[in-house]
Amino acid sequence: VSGTVTTKNDDDYFKLTLPAGKSLSVTLTPPAASDFDLYVYDLNKKLVASSEKGVGLVEQINVINDSAVSEVVYVYVKGYSGYSSTNRYSLKLVW
């Protein structure tokens, strides 16, 4: 998945269903001059995991669903600086 964060208020959310017993690895590669952070929330908007590094640094989160049922999670890309309508970030989701 790729996207842009063009302004301070242009944050991206991705809704996923994480199967029971599976782990999710999320990697966010921002544009070189951007500071974007990465968060995962559960269905109730409770923070599950976060990664808040500096400008141009790759963010990574690993989440495990150790329950017996699938769970809905939201992956949230938050921009803090380096907004651009042309420089795209890359978001890799693996489970």
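Use the structure listed above.
Figured I'd write up the structure that's included with this text. These numbers were taken from a predicted model, which means no experiment stands behind them. (Residues numbered from 1 in each chain as written. Predicted model: local features only at pLDDT ≥ 70, side-chain atom pairs only at ≥ 80, totals over all residues. Heavy atoms only, no water.)

### So, the packing of aromatic side chains
Selection rule: Whether two aromatic rings pair depends on their centres lying within 6.5 Å, for rings of Phe, Tyr and Trp, where Trp uses its six-membered ring; planes under 30 degrees apart make the pair stacked, over 60 edge-to-face, and the rest tilted. The numbering of helices and of strands both runs from the N terminus, where a helix is a DSSP run of H or I of at least 4 residues and a strand a run of E of at least 2. For every residue, the accessible area (1.4 Å probe, protein chains only) is compared with the maximum for its type, and the residue is labelled buried under 20%, exposed over 50%, or partly exposed between those bounds.
Applying the stated rule across the entire model yields five aromatic pairs. A ring pair is formed by Tyr 13 and Tyr 76, whose centres lie 4.4 Å apart and whose planes are at 10°; its orientation type is stacked. Taken together, the residues Tyr 13 in strand S2 (residues 12–18) and Tyr 76 in strand S7 (residues 71–81) connect sequence positions 63 residues apart. You can call Tyr 76 buried: its relative accessible area is 10%.

### Things to note about the pattern of salt bridges
Our working definition: A side-chain nitrogen of Lys or Arg and a carboxyl oxygen of Asp or Glu constitute a salt bridge if their distance falls within 4 Å.
In total, this model carries one salt bridge according to the counting rule given. In this structure, Asp 11 engages Lys 78 in a salt bridge whose closest nitrogen and oxygen atoms are separated by 3.4 Å. Residue Asp 11 is located in the loop between strand S1 (2–3) and S2, and its partner Lys 78 is located in strand S7; the two are separated by 67 residues in the primary sequence. On the basis of relative accessibility, which here comes to 14%, the residue Lys 78 falls in the buried class.

### With respect to the nonpolar core
Burial of nonpolar side chains together is a common tendency in soluble globular proteins. We apply this condition: Throughout this description, the term nonpolar core refers to a set of buried Ala, Val, Leu, Ile, Met, Phe, Trp, Tyr and Cys residues connected via side-chain atoms within 4.5 Å. Between two residues, a contact is recorded if the distance between any of their heavy atoms is within 4.5 Å.
Core analysis: the biggest nonpolar cluster contains 17 residues, and Leu 28, Leu 38, Val 75, Val 77, Tyr 89 and Leu 91 have the highest contact counts within it. Excluding its chain neighbours within four sequence positions, the residues that come into contact with Leu 38 are Val 26, Leu 28, Ala 49, Ser 50, Ser 51, Glu 59, Gln 60, Ile 61, Val 75, Tyr 76, Val 77 and Leu 91.

### With respect to the side chain of Asn 65
The cut-off we apply is this: Under the rule applied, a polar contact is a pair of N or O atoms within 3.5 Å (in protein, one hydrogen donor and one hydrogen acceptor; residues adjacent in sequence only if both atoms are side-chain atoms).
With respect to the helices, strands and loops of the structure, Asn 65 is situated in the loop between strand S6 (59–64) and S7. Polar side-chain contacts of Asn 65 include one of 2.6 Å to the side chain of Ser 67. In terms of polar contacts, Asn 65 uses its side chain to reach the backbone carbonyl oxygen of Val 69, at 3.0 Å. Ignoring any residue separated from it by four or fewer positions in sequence, one finds Asn 65 in contact with Leu 18, Pro 19, Ala 20, Gly 21, Lys 22, Ser 70 and Glu 71.

Remember that the coordinates give geometry; whether it matters functionally is a separate question.
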